[in-house]
Amino acid sequence: MATRDPRWVFKDRPSFALIIGLVLTGICALVSFSFDVVFNGAPVQFFIALMLALAPVPLLLAAVLALDRMEPEPRSNLIFAFAWGAGIAVLVAGVINSLNLHYIIDTARLSEASARNIAATFGAPVVEETMKGLVLLGLLRFRRAELDGPTDGVIYASMVGLGFAMSENVSYYIAALSGSGVKGLAVTVVLRGILSPLAHPLFSSMIGVGVAYAAQRGGGDRIFPVLAGWSGAMILHGLWNGLASYGGFPGLVVAYLALLVVLVVLIGVVFRDRRRIVALIQRYLPPYEPTKLVTQADIYMLSTFTRRRQARQWAKAHGGKRGLRAMRDYQLAATELGLLHERAARHMVDEQTFHEEQRALLECMSTARADFPVRATHAGSVARGGSPSGYAPG
């Protein structure tokens, strides 16, 4: 009978639901872009705006994914989060924001400029953060096991925020080009694409952190972290829009300082979460030493990014692509094993699921170790459970 590939425990395969979701988000993005072309500008202006909106995305994605090195999230989840922000969230938020704007103009009989400031300060934050936050709630409901800590929440929230900001920037750039020409476009690109590209990811990260903390809890204890994160996102978003609308240049300075403070706090949260994962590795992996799948050198290597990178470089230098893949698989499986024990301790997985995933991860570690490059002079030491020479420098 054929055995199941143990890499199923962390190998990412696109599901039918993901494919359907990506199709829907793609359709929504096309509809949103169509509105931009029909109501705001000509096709040439649209393509100029689209290129300018896409330009910083690779760099921003690289910055976000740099946080995701110790325990990488499934690519399918990350892609869907980005697509949700760029498609469904932007389209629905745009329609509701437009309706709110017309309602304010008709009922309060204000000028369009005044109504826009009110809608941007009090209406848009509620609508946009709600639409972005829905995908994070979906992760909490259907992919709870993927939310291992606040870092995961920040990563997913940043992905949906980057997707939202990219599509929204297309609309702003077209409006600026149509209304103020090249000069207006340049100013808008500087303000939105260069000086504040992380605004939406930072807003949504409040929800991401709240959802991640909720994933570590059960029952009614989940409600407060989610509501706190959602409120923080809307308040921060409203503060940003309000200061930009009513505060002039001093308001912009205060708004940027507020975003800087939030960014620094989130970086601190991520580093603290990284130390937590290292502590899990150091706590839960030593009992596996009798299996010869884990040694003190392994735990030492797994405890910092620097030593992990050195181990991958060593594996590639002595074993080529096969050695590098083996080291990557070993590091990921070992990290996932520590996180699996934490999920079990928090009763996030049942006993059967725990043992199935534990067995698969140990098989992955065993297969990976068998592919580690070993010189003939060190073969005996490795067979007795030692680590290859140069494997864990220091």
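The structure displayed is predicted, hence computed values, not measured ones. (Residues numbered from 1 in each chain as written. Predicted model: local features only at pLDDT ≥ 70, side-chain atom pairs only at ≥ 80, totals over all residues. Heavy atoms only, no water.)

Notes on the overall build of the protein chain
When its secondary structure is counted, the protein chain shows 13 helices and 0 strands. Listing every helix and strand of the protein chain by position from the N terminus yields α-α-α-α-α-α-α-α-α-α-α-α-α. Projected onto its principal axes, the C-alpha coordinates of the protein chain cover approximately 85 × 45 × 45 Å. Among the 394 residues that make up the protein chain, the fraction classed as buried is 48%. Restricting to contacts in the protein chain with at least 6 residues of sequence separation, those with at least 24 account for 77%. In the structure as shown, the protein chain presents an accessible area of about 19500 Å², 65% of it carried by carbon and sulfur atoms. If the 37 positive side-chain charges of the protein chain are averaged to one point and the 27 negative ones to another, these points end up 7 Å apart. (Helix = DSSP H or I, 4+ residues; strand = E, 2+ residues; numbered from the N terminus. Buried < 20%, exposed > 50% of the residue type's maximum accessible area, 1.4 Å probe, protein only. Contact = heavy atoms within 4.5 Å. Areas by Shrake-Rupley, 256 points an atom, 1.4 Å probe, with all protein chains shown as cover. Lys, Arg positive; Asp, Glu negative; His and termini not counted. Charge placed at Lys NZ, Arg CZ, Asp CG, Glu CD.)

Focus: empty space enclosed by the protein
The full count for this structure, using the stated rule, is 1 cavity of 30 Å³ or more. Along the wall of the largest cavity there are 15 residues; nearest its centre are L67, M70, E71, T151 and I277. Looking at which element gives the most residues to the lining of the largest cavity, the answer is helix α9 (residues 248-284), with 5 residues. Along the lines of polarity and charge, the residues of the lining of the largest cavity split into 6 nonpolar, 2 polar and 7 charged. (1 Å grid on protein atoms, 1.4 Å probe; cavity = no way out; pocket = protein on both sides within 12 Å on 5 of 7 lines; lining within 4 Å. Points joined across faces, edges and corners; volume = space filled by probe spheres on them. Nonpolar A, V, L, I, M, F, W, Y, C, P; charged D, E, K, R; others polar.)

Focus on the packing of aromatic side chains
Under the criterion given, the structure shown has 5 aromatic pairs. Among the aromatic residues, ring-to-ring pairing joins F33, F46 and F47 into one connected group. Between the NZ or CZ atom of R192 and the centre of the ring of Y172, over which it lies, the distance is 3.9 Å. Of note, R274 hangs over the ring of F271, and the distance from its end group to the ring centre comes to 5.0 Å. (Phe/Tyr/Trp six-rings, centres within 6.5 Å; stacked < 30°, edge-to-face > 60°. Lys NZ or Arg CZ within 6 Å of the ring centre and 35° of its normal.)

Remarks on the environment of L67
Within the secondary structure, L67 is located in the loop between α3 (57-65) and α4 (75-108). Note on L67: relative accessible area 30%, which makes it partly exposed. Leaving out residues up to four positions away in the same chain, L67 has contacts with T151, V154, I155, V270 and R274.

Structural notes on the domain arrangement of the protein chain
Segmenting the protein chain into domains produces domain 1 (16-266) and domain 2 (292-371). Between the C-alpha centres of domain 1 and domain 2 there is a distance of 35 Å. At the junction of the two partners, domain 1 supplies 9 residues and domain 2 supplies 10 residues. Buried surface at the junction of domain 1 and domain 2, both sides included, amounts to about 1000 Å², of which 57% is carbon and sulfur. (Domains from an automatic or database assignment. Buried area = accessible area lost by both parts, 1.4 Å probe.)

Examining the UniProt feature "transmembrane region" (unreviewed entry) in the protein chain
The feature "transmembrane region" (unreviewed entry), as given by UniProt, occupies residues 16-35, 47-67, 79-99, 119-142, 154-174, 194-215, 222-240 and 252-271 in the numbering adopted here. Counting secondary structure, residues 47-67 comes out at 81% helix and 0% strand; the distance between its end C-alpha atoms is 32 Å. Within the segment residues 222-240, helix and strand shares are 95% and 0% respectively, and the terminal C-alpha atoms sit 28 Å apart. (UniProt positions renumbered as here; feature names shortened; annotations may be inferred.)

Topic: unusual backbone geometry
Non-glycine residue K292 carries a positive phi angle of around 65°. Considering the arrangement of structural elements, one finds K292 in the loop between α9 and α10 (296-302). Positive phi, normally seen in glycine, also occurs at H347, with a value near 60°. As for its position among the elements, H347 is in the loop between α11 (305-345) and α12 (351-370).

Some points on helix α5 (residues 112-142)
The end-to-end C-alpha distance of α5 is 42 Å, a good match for the 45 Å that 31 residues give at a rise of 1.5 Å each. At G123, α5 is bent by approximately 50°, the largest bend along its length, and proline P125 sits one to four residues beyond. (Expected span 1.5 Å × (residues − 1). Bend = angle between axes of the 7 residues up to and from the residue.)

Quick notes on a nonpolar patch on the surface
A contiguous nonpolar patch, built from I19, I20, V23, L24, I27, V31, F35, V38, F39, V95 and L99 and spanning about 1000 Å² of accessible area, is present on the exposed surface. Listing elements by their share of the nonpolar patch, those giving two or more residues are α1 (16-40) and α4. A total of 9 residues in the nonpolar patch trace back to one element, the largest contributor, which is α1. (Patch = residues over 30% accessible without salt bridge, like charges linked within 9 Å, V, L, I, M, F, W, Y side chains within 5 Å. Salt bridge = Lys/Arg side-chain N within 4 Å of Asp/Glu carboxyl O.)

Considerations on helix α7 (residues 199-215)
Given a rise of 1.5 Å per residue, 17 residues ought to cover 24 Å, and the 25 Å separating the end C-alpha atoms of α7 matches this to within 8%. For α7, the principal kink sits at S205 and spans about 30°. Most of α7 sits inside the fold, with 15 of its 17 residues counted as buried.

A look at the nonpolar core
In terms of nonpolar packing, the biggest core is built from 47 residues, with W84, L136, L140, L147, Y156, V170 and V211 touching the most fellow members. Every element with two or more residues in this core is listed here: α1, α2 (43-54), α3, α4, α5, α6 (150-194), α7 and α8 (223-246). Here this core gets 14 residues from one element, more than from any other, and that element is α6. Discounting chain neighbours no more than four positions away, the residues touching W84 are T25, A89, M131, K132, L134, V135 and V160. Grouped together as the second largest cluster of nonpolar side chains are 33 residues, M327, A333, F354 and A368 included. (Core = buried A, V, L, I, M, F, W, Y, C linked by side-chain atoms within 4.5 Å.)

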